[in-house]
Number of protein chains: 2
Amino acid sequence: MNNFTFCVPTRIHFGKGQISHLSELAESGSNVLLVYGGGSIKKSGLYDEATVILADAGLHVVELSGIEPNPRIESVREGARLCKEHAIDMVLAVGGGSVIDAAKVIAGAAKYDGDAWDLVLDRTKIKAALPVYSVLTLAATGSEMDPFAVISDLSKNEKWGTSSPLFVPKMSVLDPTYTFSVSKKQTAAGTADMMSHVFESYFTNVEGATLQAHMSEALLKTLVHYGPIALAEPDNYDARANLMWCGSHAINGLLDSGAEVAWCVHPMEHELSAFYDITHGEGLAILTPVWMKHVLAKDPSKAAAFAEYGRAVFGIAEANDAQAAAAAIERTEDFLFNQMGLPSKLHEVGIEDEENFAAMAKKAAAGCVGSFVPLEENDIVEIYRAAL
Amino acid sequence: MNNFTFCVPTRIHFGKGQISHLSELAESGSNVLLVYGGGSIKKSGLYDEATVILADAGLHVVELSGIEPNPRIESVREGARLCKEHAIDMVLAVGGGSVIDAAKVIAGAAKYDGDAWDLVLDRTKIKAALPVYSVLTLAATGSEMDPFAVISDLSKNEKWGTSSPLFVPKMSVLDPTYTFSVSKKQTAAGTADMMSHVFESYFTNVEGATLQAHMSEALLKTLVHYGPIALAEPDNYDARANLMWCGSHAINGLLDSGAEVAWCVHPMEHELSAFYDITHGEGLAILTPVWMKHVLAKDPSKAAAFAEYGRAVFGIAEANDAQAAAAAIERTEDFLFNQMGLPSKLHEVGIEDEENFAAMAKKAAAGCVGSFVPLEENDIVEIYRAAL
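Residues numbered from 1 in each chain as written. Chains lettered and ligands numbered in written order. Predicted model: local features only at pLDDT ≥ 70, side-chain atom pairs only at ≥ 80, totals over all residues. Heavy atoms only, no water.

1. A short note on the domain arrangement of chain A
All names here are of chain A. Using the following cut-off: Where each domain starts and ends comes from a domain assignment, either automatic or drawn from a database. Contact definition: two residues touch when any of their heavy atoms are within 4.5 Å. Accessible-area loss on putting two parts together, using a 1.4 Å probe and summing over both, is the definition of buried area adopted here. For this analysis, a salt bridge means a side-chain nitrogen from Lys or Arg found within 4 Å of a carboxyl oxygen belonging to Asp or Glu. Two N or O atoms count as a polar contact when they lie within 3.5 Å, although within protein this holds only if one can serve as hydrogen donor and the other as acceptor, and sequence-adjacent residues are included solely when both atoms are side-chain atoms. Only DSSP runs of H or I with at least four residues qualify as helices, and only runs of E with at least two residues qualify as strands; both kinds are numbered from the N terminus onward. The classification used treats Ala, Val, Leu, Ile, Met, Phe, Trp, Tyr, Cys and Pro as nonpolar, Asp, Glu, Lys and Arg as charged, and all other residues, Gly among them, as polar.
Partitioning chain A into domains gives domain 1 (11-178) and domain 2 (182-387). Between domain 1 and domain 2, the C-alpha centre-to-centre distance is 27 Å. Listed as interface residues are 28 residues of domain 1 and, on the opposing side, 26 residues of domain 2. Interface area, domain 1 with domain 2, both sides summed: about 2200 Å², of which 64% is carbon and sulfur. Summed over the shared surface of domain 1 and domain 2, the result is two salt bridges. For Asp277, the salt bridge is made with Arg72, and the minimal N-O distance between the two is 3.4 Å. Counting across the interface, domain 1 meets domain 2 through seven residue pairs in polar contact (both at pLDDT 80 or more). Within the residue set of the side of domain 1 that touches domain 2, elements represented by two or more residues are strand 1 (4-14), strand 6 (148-153) and strand 7 (158-163). At three residues, the largest contribution of residues to the side of domain 1 that touches domain 2 is made by strand 7. Residues belonging to the side of domain 1 that touches domain 2 are distributed by class as follows: 13 nonpolar, seven polar and eight charged.

2. Describing helix 11 (residues 303-314) of chain A
Residue and element names in this part refer to chain A. Rule in force here: Working rule for helices: expected span equals 1.5 Å times residues minus one. Here the term buried applies to any residue with accessible area under 20% of the maximum for its type, exposed to any over 50%, and partly exposed to those in between, with areas from a 1.4 Å probe on protein chains only. Here the arc refers to the set of directions running from the helix axis out to each C-beta atom.
In a regular helix each residue adds 1.5 Å, so 12 residues correspond to 16 Å; helix 11 covers 16 Å between its end C-alpha atoms and thus fits that length. Residues of helix 11 that are buried include every one of Ala303, Phe306, Ala307, Tyr309, Gly310, Val313 and Phe314, and no others. Considered in projection along helix 11, the buried side chains sweep an arc of 160 degrees and stay on one side of the axis. Where the residues of helix 11 are buried, they touch helix 6 (184-202), helix 7 (210-232), helix 10 (280-298) and helix 12 (321-339). Of the residues trailing helix 11, Gly315 is marked for its positive phi of about 70 degrees.

3. So, the side chain of Glu269(B)
Residue and element names in this part refer to chain B. For the record, the criterion: Charged residues are defined narrowly, with Lys and Arg counted positive, Asp and Glu counted negative, and His plus the chain ends left uncounted.
As for its position among the elements, Glu269 is in helix 9 (residues 265-276). Of the side chains bearing the opposite charge, Lys159 lies closest to the buried Glu269, which forms no salt bridge; the N-O distance is 4.2 Å. Engagement of the side chain of Glu269 in a polar contact is seen with the side chain of Ser273, the distance being 2.8 Å. If we skip the residues at most four places from it in the chain, Glu269 touches Lys159, Ile278, Thr279, His280, Gly283, Leu284 and Leu287.

4. Examining the interface of chain A and chain B
With 39 residues of chain A at the contact, the number on the chain B side is 39 residues. Together, the buried faces of chain A and chain B total about 3200 Å²; carbon and sulfur atoms form 60% of this surface. For the chain A face of the interface with chain B, the top three residues by lost area are Met1(A), Leu211(A) and Trp245(A), together amounting to 18%. Inspection of the region where chain A meets chain B yields zero salt bridges. For the side of chain A that touches chain B, the secondary structure elements donating two or more residues are strand 1, helix 7 and helix 8 (237-249) of chain A. When grouped by side-chain class, the residues that make up the side of chain A that touches chain B number 20 nonpolar, 13 polar and six charged.

5. Looking at the sheet that holds strand 1 of chain A
Note the following rule: Strand pairing is assigned whenever DSSP detects at least two bridges linking the two strands. Lines fitted to the C-alpha atoms define the axes, with helices restricted to the stretch that makes contact. Angles between their N-to-C directions range from 0 to 180 degrees.
In spatial order, the strands read 3(A)-2(A)-4(A)-5(A)-8(A)-1(A)-1(B)-8(B)-5(B)-4(B)-2(B)-3(B); together these 12 strands make up an open sheet with mixed pairing. The open sheet is flanked by strand 3 (60-64) of chain A together with strand 3 (60-64) of chain B, the only strands paired with a single partner. Mean inter-strand twist for the sheet, computed between neighbouring axes without regard to direction, equals 25 degrees. As defined by bridge partners, strand 4 (residues 90-95) of chain B adjoins strand 5 (residues 132-136) of chain B across five bridges and the pair is classed as parallel. Residue pairing for strand 5 of chain B: Leu92(B) is matched across the bridge by Tyr133(B). Each of strand 2 (31-36), strand 3 and strand 4 (90-95) of chain A touches helix 3 (residues 73-85) of chain A; the most contacted strand, strand 3 of chain A, lies at about 155 degrees to it.

6. Remarks on the pairing of strand 2 (residues 31-35) of chain B
Residues and elements named next belong to chain B. Where burial is concerned, most of strand 2 is hidden: five out of the five residues are buried. Neither face of strand 2 is exposed, since Asn31, Leu33 and Val35 on one face and Val32 and Leu34 on the opposite face are all buried. Judged from the five bridges that link them, strand 2 and strand 3 form a sheet pairing that is parallel. From the neighbouring strand, Asn31 faces strand 3, where its bridge partner is His60. One ladder, built from four bridges, connects strand 2 with strand 4; its direction is parallel. Each bridged residue has a counterpart across the sheet, and for Leu33 the counterpart in strand 4 is Val91.

Here it is, written out as structure tokens:
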């Protein structure tokens, strides 16, 4: 097991009706920037519920709506401008990961004199930030309990992750009932995103991070069990609750501390979203089994790791590692594409040719150390091609 | 899944050499009360290492040594007196759970005008506390990352738990190499304690706390795997590291948030320690399988839960729940008594007759709601008798 520092200070209020805890925002001052997306929180009633609680707590609210699914730097700049203009004390995100990610970089940019994009390109420039709070409406990115944010500048086909301990939300409300109305497409994409977060550290070369491996299997088993239930019964509370709590733990440091943090599939997917603005979780679902097959072909000694995954998560009984590994990848494909109904090929999400693959691979390779089986640019192009 | 609030703000520095982070104590002031036990940290060199780092960080140290394995209120009172006399800013525990527990209540008593025992009997009286830090030397209680403390007044045969969010350590150093010198007896007792912490919430009547159940199984599998390795190879780093990290997560809220917190075996064991001053983990090992058999006999519908445990943790293939449950209990006994070498009967730890059982059961029943299968005083007496 590797050395690590683990610190997850977010106060999580989990369950039905926990929105009442929004009154705790008064601990951070009086002026709130309320950040949200396309307005679904107005239809659902959550907007009204939240703003009444904030008003009752004596908080003054300024709003920024219209955060995009792949949140854009232009929105972040506008948020930072509002913070400075209205002497904002804290940022409250009400939405999914995109909204929370935007809120984090807004919180940093509000305390920064230069352009907000600097904080995306260079996390060392994040020296201060307003406190961030969130009310989660989508189980997926884990942004409600982690230091990360991913922001796009589509004018340059750029999508980059940044992070800061200052971005970790101070408090997040996780009420699974807010995800009852999440579409099948977004439920499936969120599940694929959470699984991919687990995979990124579960497949590691570090020896002896056994507790982390078994915890990862615990999340994967839970996701595989409840994903299809949430699709079939959108208002099944336990299904939504388990998916939601998996999302937070998949990326808050519990699984990768002591193992390894050398993400590989995420950087490859970020280029798909940066160039084609596709749904992140769909891109991950398409790439994941292709990546598994590619690294297994490149380094057959990894069969043991994929076999262990298959046995623990899918109950595969096959004793031969190579055969168990192949079966594990088949079961992964069956889960993502048949049970969760996710697209299995890039052409299904509008990526029809390999025109940009070389440029995308070059950018992905910059972040894609992929220590489990290191990938070069040509590996990444091959993976994109195999996914077409 | 039940509603819950989850907040585990302790900053954990995990791994070899992380003691250097003791310099961070300067964030809380300049006067440190250093609390430790019987002096093993002097033999091991940890005392010298820690005091040099504290001195280099400009910290002034006052010492309280001699904390007992079942820490006593007299030591807590002395610690509180020292805090008041020397204007102490923070309390640093270097030791196992007993030392950390004592440090927590000292930290509270330092900010309390009445007698420290009040804070043990009534946690609502804990309104303030000095910051608590710890360097862990024994994988067992999880006190390094939780709000709990258990203190004894042996003059009254009283042993009670108390807790406060103010008691959660601000920072803990977890260096597995500090546990290389832990004896076989203490390694085994610590493992039994950690398993019992998991069992206390794993066996729950709450439906749908599935992620928590799978996480619990992850810890149990890790403990069952590495416990015997740590006995056979005391300086096996990965074994010690996994046991240590299991200890923290077994009781920091990860496993019981959303499930249930209605401990049962612990309150029964606390009376054994309070009346006979035995090793906590040994008492738990003796009681655990007896408790399992008792509740299964009382409510045979619980066979499904024990069967699930046996299948997940021990790989029991038996399809019939009653038979799988019986096998799971047998495997638990085999692990604790044969593989870990723990005592299996009370007479082995010096409890020869049932003289105090009625009095102990009466006190245990006060805290022992045991919601999985509720226990009455007569159940507890029967469990003690069966364990003789």
